[in-house]
Amino acid sequence: MGQEDFYKVAMMERRQLPKAGTLEIAPSILSADFANLKAEVDQVTAEGIEIIHVDVMDGHFVPNITLGPVVVKWLRRYTDAVLDTHLMITDPKKYAPEFIKAGADHITFHIETVDDPTAFIDQLRDLGVTAGVTLNPETPVESIEKVAALCDMVLVMTVHPGFGGQSFIDDAARKCQRIREIVGPDIRIEVDGGIDVSTVATAKSYGADTFVAGNAVFGKPDRAAAIAAIKEVMNG
Ligand code: DX5
Ligand code: ZN
């Protein structure tokens, strides 16, 4: 099978993000037990979680290293959740195809790393995945104004990328308001960093509908209780 056919087959099997209009928690495996990932993911999907957030760090764009396509490949074998793959890497154009081949469903790249984001979004779609752009807390919202509406989901970093367990940056989260004006109701806005029971309502009030939670889910011993607690505030 040639590479093109491979992508075509793979495309048919891609999981789609839930249609915009619902509120979703996307637990980040960054805070999970990496020696026990299947069980960790099963625990949250058993609670109705449909999106698993996969944080990819290269030790260059951010000062931490996490995982590569091989982890996505094995996750893909064991879960039907949407693999929401957040590339915190200097060269997403080089590596995105590898993550897609491994079974990623949605790829988010940082605007700080790509010169021609429109072309890259097209390329991601051609490779069979949905596309997302994100921006660091210090990056102005203007940097994504032209491409936000071309995405399936826009990710707003609410901490400086690199580590889990940091505090929510309210000024960064407020960018969701402008982004919601740009993209309208049909494109998801995801927030990432410092989301927990004390911040999820604020992020929602700014227009976010998809809430990454690492420490607030996988950092808690009882994942069902952790998800229920966030859901209660999120849906309140
Ligand atoms: C930060 C990552 C986040 C992180 C969030 O660089 O992109 O996805 O896992 O973790 P918490 O929810 O613990 O802030
Ligand atoms: Zn992330």
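Scroll up to find the structure this text is about.
Since this is a predicted model, take the numbers as computed values, not measurements.

Conventions and cut-offs
Numbers given to residues run from 1 along each chain, matching the order in which its sequence is written. Chains carry letters and ligands carry numbers; both start at the beginning, A for chains and 1 for ligands, and go up in the order they are written. Whole-chain, interface and lining totals are the exception, using all residues; otherwise, since this is a predicted model, local features are given only for residues with pLDDT of at least 70 and side-chain atom pairs are given and counted only at 80 or more. Computation of side-chain values covers all heavy atoms of the structure but excludes hydrogens and water. Working definition: helices are DSSP H or I runs of at least four residues, strands are E runs of at least two. Numbering for both runs from the N terminus. Only protein chains enter the area calculation, which uses a 1.4 Å probe; residues under 20% of their type maximum are buried, those over 50% are exposed, and those in between are partly exposed. Any pair of residues with heavy atoms lying within 4.5 Å of one another is described as a contacting pair. Here a donor is an N, O or S atom found within 2.8 Å of the metal, or within 3.2 Å if the metal is Na, K or Ca; sites may look incomplete because water is not among the atoms. Geometry is assigned from donor-metal-donor angles: four donors are tetrahedral when every angle falls between 85 and 135 degrees, four are square planar and six octahedral when opposite donors sit over 155 degrees apart with all other angles between 65 and 115, and any other arrangement is irregular. Two kinds of site are reported from a 1 Å grid over the protein atoms alone, namely cavities, where a 1.4 Å probe fits but cannot get out, and pockets, open sets with protein on both sides within 12 Å along at least five of seven lines, and residues are called lining when an atom falls within 4 Å of a point. Grid points are joined across faces, edges and corners, and a volume is the space filled by probe spheres set on the points. In the scheme used here, Gly and all other residues not listed as nonpolar or charged are polar, with Ala, Val, Leu, Ile, Met, Phe, Trp, Tyr, Cys and Pro taken as nonpolar and Asp, Glu, Lys and Arg as charged. In this description, the arc belongs to the directions extending from the helix axis to the C-beta atoms. Comment: axis = line fitted to C-alpha atoms, over the contacting stretch for helices; angle = value between 0 and 180 degrees taken between N-to-C directions. The cut-offs work like this: below 35 degrees is roughly parallel, past 145 is roughly antiparallel, 65 to 115 is roughly perpendicular, and the gaps in between are oblique. Left-handed is the label given to a crossing in which the near helix is rotated counterclockwise from the far helix by less than a right angle, and right-handed is the label when the rotation is clockwise. Only strands joined by at least two bridges in the DSSP assignment are considered to pair. With the strands aimed away from the viewer, a crossover counts as right-handed if its path from the first strand over the helix to the second runs clockwise. If even one non-hydrogen atom of a residue comes within 4 Å of a molecule or strand, that residue is called near it. We call two N or O atoms a polar contact when they sit within 3.5 Å, provided that within protein one can donate a hydrogen and the other can accept it, with sequence-adjacent residues counted only if both atoms are side-chain atoms. Computed with the Shrake-Rupley method and a 1.4 Å probe, the accessible areas treat only the protein chains shown as cover for residues.

**Considering the environment of G207**
Argument step 1. Structurally, G207 can be placed in the loop between α8 (200-205) and β8 (210-213).
Argument step 2. Exposure remark for G207: the relative accessible area of 16% places this residue in the buried category.
Argument step 3. Aside from chain neighbours lying at most four places away, what touches G207 is C176, R180 and I189.

**Some points on the coordination of the zinc ion (ligand 2)**
Argument step 1. Donor atoms from the polypeptide that bind the zinc ion (ligand 2) are H53 (NE2), D55 (OD), H86 (ND1) and D192 (OD), placed at 2.0 to 2.3 Å.
Argument step 2. Bound by 6 donor atoms, the zinc ion (ligand 2) shows angles of 68 to 169° at the metal and therefore octahedral coordination geometry.
Argument step 3. Read N to C, the donor residues that coordinate the zinc ion (ligand 2) are spaced as H-x1-D-x30-H-x105-D. With D55 in strand β2 (residues 51-57) and H86 in strand β3 (residues 82-88), this pair connects stretches of sequence that are 31 residues apart.

**Observations regarding the layout of surface pockets**
To find leftover empty space, a probe the size of one water molecule is rolled over the atoms.
Argument step 1. Taken as a whole, the largest pocket spans an internal volume of roughly 330 Å³.
Argument step 2. Around the largest pocket, the lining is made up of 26 residues, and of these G164, G165, G193, G194 and N215 lie nearest the centre.
Argument step 3. Of all the secondary-structure elements, those providing two or more residues to the lining of the largest pocket are β2, β3 and β8.
Argument step 4. Tallied by class, the residues present in the lining of the largest pocket amount to 11 nonpolar, 11 polar and 4 charged.

**Remarks on helix α3 (residues 69-78)**
Argument step 1. Those residues of α3 that sit buried are V72, L75 and R76. Axial view of α3: buried residues confined to an arc of 105°, hence all on one face. Opposite the buried face of α3, by more than 90 degrees, sit the exposed residues V70 and R77.
Argument step 2. On its buried side, α3 packs onto α2 (37-45), β2, β3 and α4 (92-102).

**As for the packing of α2 against α3**
Argument step 1. Direction vectors running N to C along α2 and α3 enclose 50°, while the axes themselves pass 10 Å from each other. With respect to their mutual orientation, α2 and α3 come out oblique. Where α2 crosses over α3, the two elements pack in a sense that is right-handed. Every residue of α3 that contacts α2 at L37, K38, V41 and D42 is listed here: V71, L75 and Y78.

**What about the pairing of β8?**
Argument step 1. The side-chain alternation of β8 yields two buried faces, one formed by T210 and V212 and the other by F211 and A213.
Argument step 2. Across 4 bridges, strand β1 (residues 24-27) lies against β8 in parallel orientation. Residue P27 lies in a different strand from β8, and its bridge partner there is A213.
Argument step 3. The pairing of strand β7 (residues 188-192) with β8 spans 2 bridges and is classified as parallel. Considered in β8, the bridge of E190 is made with T210.
Argument step 4. The handedness of the β7 to β8 crossover, carried by α8, is right-handed.

**Description of the site of ligand 1**
Argument step 1. For ligand 1, the set of nearby residues contains 20 residues, the closest of which are D55, G162, G165, D192 and G214.
Argument step 2. In the environment of ligand 1, an oxygen atom lies 3.4 Å from a nitrogen or oxygen atom belonging to the side chain of H53.
Argument step 3. In this structure, N215 approaches ligand 1 through a main-chain N or O atom, which is 2.9 Å from an oxygen atom.
Argument step 4. Bound to the protein, ligand 1 loses 99% of the 380 Å² it would expose on its own.

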